[in-house]
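Reading the structure
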Protein chains: 2
Amino acid sequence: MRTEVVGVDLASRTVSWRRTDGRRDGGPREGVEGFDELLLATGAVPRRPPVPGFDAGPEAGVHGVQTLDDGSALLADLDGSSGHRVERVVVVGGGYIGLEVAEACVVRGLHVTVVQRGETPLGTVDDDMGELIAEAVRGEGVHLLTGEEVCGLELGPAAQGGRVRAVHTASGRELPCDLVVLGLGVEPGVELARGAGVPLGESGAIAVDVGQRTRVEGVWAAGDCTEVRHRVSGRGVHVPLGTHANKQGRVAGINLGGGYATFPGVVGTAITKVCRVEIGRTGLSTEEAERAGFRVVTAAVDSTTTAGYMPGAEPVRVKLVADEGSGRLLGGQVVGRSGAGKRVDALAVCVWNNMTVEEVLGLDLAYAPPFAPVWDPVLIAARKAAQAVEAACQRPA
Amino acid sequence: MRTEVVGVDLASRTVSWRRTDGRRDGGPREGVEGFDELLLATGAVPRRPPVPGFDAGPEAGVHGVQTLDDGSALLADLDGSSGHRVERVVVVGGGYIGLEVAEACVVRGLHVTVVQRGETPLGTVDDDMGELIAEAVRGEGVHLLTGEEVCGLELGPAAQGGRVRAVHTASGRELPCDLVVLGLGVEPGVELARGAGVPLGESGAIAVDVGQRTRVEGVWAAGDCTEVRHRVSGRGVHVPLGTHANKQGRVAGINLGGGYATFPGVVGTAITKVCRVEIGRTGLSTEEAERAGFRVVTAAVDSTTTAGYMPGAEPVRVKLVADEGSGRLLGGQVVGRSGAGKRVDALAVCVWNNMTVEEVLGLDLAYAPPFAPVWDPVLIAARKAAQAVEAACQRPA
């Protein structure tokens with residue numbers, strides 16, 4: 001039985017629901033349920049700009065990648081078990097999901113084009129780090145089109161199944177293809193909350209306090225539908241990640257049950273692996289920091305994941321963003337091969353604790369030749385950032 | 001030209017030296033050099049208990065592993081290029097170096113026995129974590145004898161080269177062998193300092209302040225000969241690791257040159273890889289914490305280095321040691337396969353910042369399926385430790 005909540009009425013403290021499975025088993029088709037406490041866990045919804053063809057659906061070879069059902073439909077279509085021969089795939093969007101789907105297609109031997117609006121993939125890292133990612137992704141055989149906007153999908157005649165045939169871009173390109181994946185990110189699922197008058201925050205997601213209470217007595221929210229506090233910028237942001245959702249669910253559950261727990265906010269940590277490239281980021285990127293009002297200095301270093309003389313030493317680039325005046329570490333980004341990505345965790349803990357780059361430089365991080373050079377890449381970057389902070393401080397105003 | 005400093009005279013502010021290379025090139029054989037400022041960087045010396053045979057030397061097949069020369073002598077002997085056939089190796093000492101040498105020998109197809117005094121290898125981790133290491137090391141084909149003390153080496157007749165034939169243990173075992181490696185750790189090289197009257201600290205290493213100044217005006221020290229402050233126990237300790245030595249050299253150099261820099265102390269982070277097992281530790285072990293006067297709670301969890309459903313998910317165990325009263329994280333240990341070891345860095349930064357396990361539990365660590373389960377093993381361990389702190393707190397006194 002599939003049931004959808006279609007409305008929340010705060011005055012009568014009820015939710016109204018209706019059956020969506022279409023089965024006729026004699027049970028009620030819709031109803032109203034009263035509540036003392038209500039938890040909104042309405043998740044996120046895929047972003048669907050009003051581009052012709054984006055709503056064509058999986059039968060037309062136009063796939064979203066939000067739900068498990070989306071995943072099996074995509075898999076069946078890629079496998080050819082949906083009855084269509086798929087050789088050329090266009091992925092719209094060069095974020096985490098877009099790149100991960102592109103990798104999965106390349107691994108299957110398909111011809112893959114990723115079309116994205118920004119100049120480099122993964123808008124959450126700085127452009128110079130994004131360049132590294134672009135290079136790596138292209139090196140794996142993905143055709144990456146940056147600075148391009150999709151303006152329409154061309155579908156075949158309905159009589160022939162209406163399958164997608166090509167993607168058209170604003171600059172006039174036509175990309176022939178057999179399948180399209182839409183990886184355009186998500187928006188908070190706030191329809192119910194908005195309808196009920198539960199206030200949203202500055203990010204457009206449901207505003208909650210550290211205990212996951214909304215601004216309406218007895219109404220709670222947790223997960224991808226909620227706003228979280230960014231501990232560096234101090235702003236309310238929408239960061240739809242499973243790790244936050246999971247923690248928030250725990251916090252809401254404890255508090256709903258009469259206990260006490262808090263969700264302490266986020267520092268914007270994220271990680272992904274695209275083909276052989278690992279990408280980690282935490283805190284604010286240069287652009288985010290500037291937008292948040294910081295004057296920043298940055299430092300980037302190229303190093304290796306192990307002592308350089310070890311077999312299997314892999315390249316890693318670490319970039320740090322620091323506040324020019326105080327030297328406070330505002331963010332860090334890591335791009336490299338095997339063993340690179342999870343290094344961002346140490347930086348995340350530094351950002352969490354408001355450490356300065358000078359303090360980071362003194363940290364006691366683990367060293368042995370199979371794991372790092374004597375000066376861990378994170379520490380070298382901190383040293384360089386500390387020098388940049390010092391130089392900025394000595395510059396005439 | 002090899003020159004050895006043989007004495008420091010603080011009254012006349014001179015060092016006396018002598019040539020040790022035995023060459024006769026007409027140059028002076030010894031001399032005296034005055035100084036305004038003196039830096040002691042005398043390193044560490046291998047520990048050599050007065051056990052019969054330990055001083056036999058590489059010609060007898062008894063090897064230390066301290067210098068590059070030691071390394072090439074050992075390599076030549078293992079290779080057979082020293083003219084001796086080596087099949088059975090005994091490594092005395094189950095610390096980092098002992099285990100790393102054992103691995104190198106196993107990789108060469110040799111029969112290796114490690115003899116060590118403690119009940120589990122790597123005395124710097126708790127026994128239950130050590131058990132995991134023992135199991136893994138044995139699984140790689142190393143014969144590991146724990147709780148055994150070596151009481152003597154049996155050497156062949158001098159006429160036949162005087163090569164080592166067997167190792168005898170206090171419990172009466174005789175271990176026939178062709179080569180012995182002594183991995184018994186090091187002591188601070190303080191002979192010169194002690195001779196000159198430069199004060200040592202509670203650990204027996206040279207006492208220095210945060211700027212690497214000894215207690216004698218104009219005399220500095222850096223590296224493995226010095227004592228460092230442990231930021232958790234507050235005690236002076238001897239932690240002879242390249243990463244500290246390197247940082248201290250930088251600090252001493254900056255200060256000697258008229259600048260300002262400080263060495264902020266250590267939290268006891270260390271890492272090693274033995275065969276396929278990665279071992280990281282930071283802060284205080286249970287025993288160290290209790291010795292430092294803490295009442296501790298511990299929590300250990302078994303998890304995986306990636307989401308459990310990913311191909312290549314590897315086991316990892318994380319153990320945390322926390323202060324029972326405050327919940328402060330005192331230390332952490334990680335043992336696992338590929339991708340496990342460097343996770344200790346995040347814990348090192350937590351310990352550095354005096355975080356409680358409750359705070360650690362809320363951290364924004366990086367999650368994506370190829371890198372961690374949704375709840376990173378570090379966070380699961382923190383959650384379990386926080387529960388233990390809470391339980392201890394509710395227990396009647």
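In this report, we go over the structure that sits alongside the text.

Basis of the calculations
Residues numbered from 1 in each chain as written. Chains lettered and ligands numbered in written order. Predicted model: local features only at pLDDT ≥ 70, side-chain atom pairs only at ≥ 80, totals over all residues. Heavy atoms only, no water. Salt bridge = Lys/Arg side-chain N within 4 Å of Asp/Glu carboxyl O. Helix = DSSP H or I, 4+ residues; strand = E, 2+ residues; numbered from the N terminus. Pairing = 2+ DSSP bridges. Contact = heavy atoms within 4.5 Å. Buried area = accessible area lost by both parts, 1.4 Å probe. Polar contact = N/O pair within 3.5 Å; in protein donor to acceptor, adjacent residues only side chain to side chain. Nonpolar A, V, L, I, M, F, W, Y, C, P; charged D, E, K, R; others polar. Least-squares fit on C-alpha atoms with pLDDT ≥ 70 in both. Expected span 1.5 Å × (residues − 1). Patch = residues over 30% accessible without salt bridge, like charges linked within 9 Å, V, L, I, M, F, W, Y side chains within 5 Å. Areas by Shrake-Rupley, 256 points an atom, 1.4 Å probe, with all protein chains shown as cover. Lys, Arg positive; Asp, Glu negative; His and termini not counted. Charge placed at Lys NZ, Arg CZ, Asp CG, Glu CD. Buried < 20%, exposed > 50% of the residue type's maximum accessible area, 1.4 Å probe, protein only. Axes fitted to C-alpha atoms, helices over the stretch in contact; angles between N-to-C directions. Parallel < 35°, antiparallel > 145°, perpendicular 65-115°, else oblique. Left-handed = near helix turned anticlockwise from the far one by under 90°.

Some points on the pattern of salt bridges
Once the charged atoms of two side chains with opposite charge are near each other, the side chains can pair. Residues and elements named next belong to chain A. Per the stated rule, a full pass over the model turns up 40 salt bridges over all chains. In this structure, Arg2 engages Asp69 in a salt bridge whose closest nitrogen and oxygen atoms are separated by 3.7 Å. With Arg2 in the segment before strand S1 (3-9) and Asp69 in helix H1 (residues 68-79), this residue pair connects regions lying 67 residues apart in the sequence. Notably, a salt bridge pairs Asp302 with Arg317, separated by 2.9 Å at the nearest N-O pair. In this pair, Asp302 is assigned in strand S20 (residues 296-304) and Arg317 in strand S21 (residues 315-323), connecting sequence segments 15 residues apart.

Re the pairing of strand S1 (residues 3-9) of chain B
Put simply, side chains in a regular strand alternate between the two faces of the sheet. Residues and elements named next belong to chain B. Where S1 meets strand S2 (residues 14-19), six bridges bridge the pair, whose relative direction is antiparallel. Bridge pairing links Val5 to Trp17 in S2. Between S1 and S2, which pair antiparallel one after the other, the connecting turn spans four residues, and Arg13 there sits at a positive phi close to 50°.

Quick word on the interface of chain A and chain B
Counting from both sides, the interface comprises 43 residues of chain A and, opposite them, 43 residues of chain B. Approximately 3700 Å² of surface area, both sides summed, lies buried where chain A meets chain B, with 67% of it carried by carbon and sulfur atoms. When the area that chain A buries against chain B is broken down by residue, the three leading residues are Lys342, Asp364 and Phe371 of chain A, summing to 20%. Linking chain A with chain B are two salt bridges, by the criterion used here. Of the charged contacts in the structure, one is a salt bridge between Lys342 of chain A and Asp376 of chain B, with a shortest N-O distance of 2.5 Å. Here chain A is connected to chain B by 16 residue pairs in polar contact (both at pLDDT 80 or more). Among the elements of the structure, helix H5 (242-256), strand S18 (270-274), helix H7 (344-352) and helix H9 (377-394) of chain A are those that each provide at least two residues to the side of chain A that touches chain B. Looking at the side of chain A that touches chain B, its residues break down into 23 nonpolar, ten polar and ten charged.

Details of the relation of the copies chain A and chain B
Applying a rotation about an axis and a shift along it to one chain copy brings it onto the other copy. Of the two same-sequence chains, chain A is brought onto chain B (RMSD 0.1 Å, axial shift 0.0 Å) by a rotation of 180°. Taken together, the turn and the small shift mark the pair as related by a two-fold rotation axis. Minimal C-alpha distance to the rotation axis in chain A is attained by Ala346 of chain A, lying at 2.1 Å. A share of 100% of the interface residues of chain A reappears at the interface of chain B, consistent with the copies meeting face to face through the same patch.

Notes on helix H3 (residues 127-139) of chain B
Across its 13 residues, H3 of chain B extends 18 Å between first and last C-alpha, which sits within 8% of the 18 Å expected from 1.5 Å per residue. Its buried side turned inward, H3 of chain B meets helix H2 (96-107), strand S9 (143-145), strand S18 (270-274), strand S19 (277-283), strand S21 (315-323) and strand S22 (329-336) of chain B.

With respect to a negative patch on the surface
All names here are of chain A. Judged by side-chain charge, Glu119, Asp127, Glu131 and Glu135 come together as a negatively charged surface patch. With respect to the helices, strands and loops of the structure, Glu119 is situated in the loop between strand S8 (111-115) and helix H3 (127-139). Looking at Glu119, the relative accessible area reads 55%, which means it is exposed.

Things to note about the sheet that holds S19 of chain B
Residues and elements named next belong to chain B. Strand order in the open sheet formed by five strands is S18-S19-S22-S21-S20, and the pairing between neighbours is antiparallel. Each of the sheet's edge strands pairs with one partner strand only, and the pair in question is S18 and strand S20 (296-304). When the angles between neighbouring strand axes are averaged without regard to direction, this sheet yields 10°. Relative to the sheet, H2 contacts S18 and S19, its axis offset from that of S18 by approximately 20°. The sheet contacts of helix H7 (residues 344-352) involve S19, S21 and S22, and relative to S22 the element is tilted by about 175°.

Some points on the packing of H7 of chain A against H7 of chain B
Orientation of H7 of chain A relative to H7 of chain B, taken along the N-to-C sense of each, is 15°, at an axis distance of 7 Å. When the axes of H7 of chain A and H7 of chain B are compared, the pair comes out roughly parallel. The two elements H7 of chain A and H7 of chain B cross, and the hand of that crossing is right-handed. In this structure, H7 of chain A uses Asp345, Ala346, Val349 and Cys350 of chain A to contact H7 of chain B, whose residues at the interface are Asp345, Ala346, Val349 and Cys350 of chain B.

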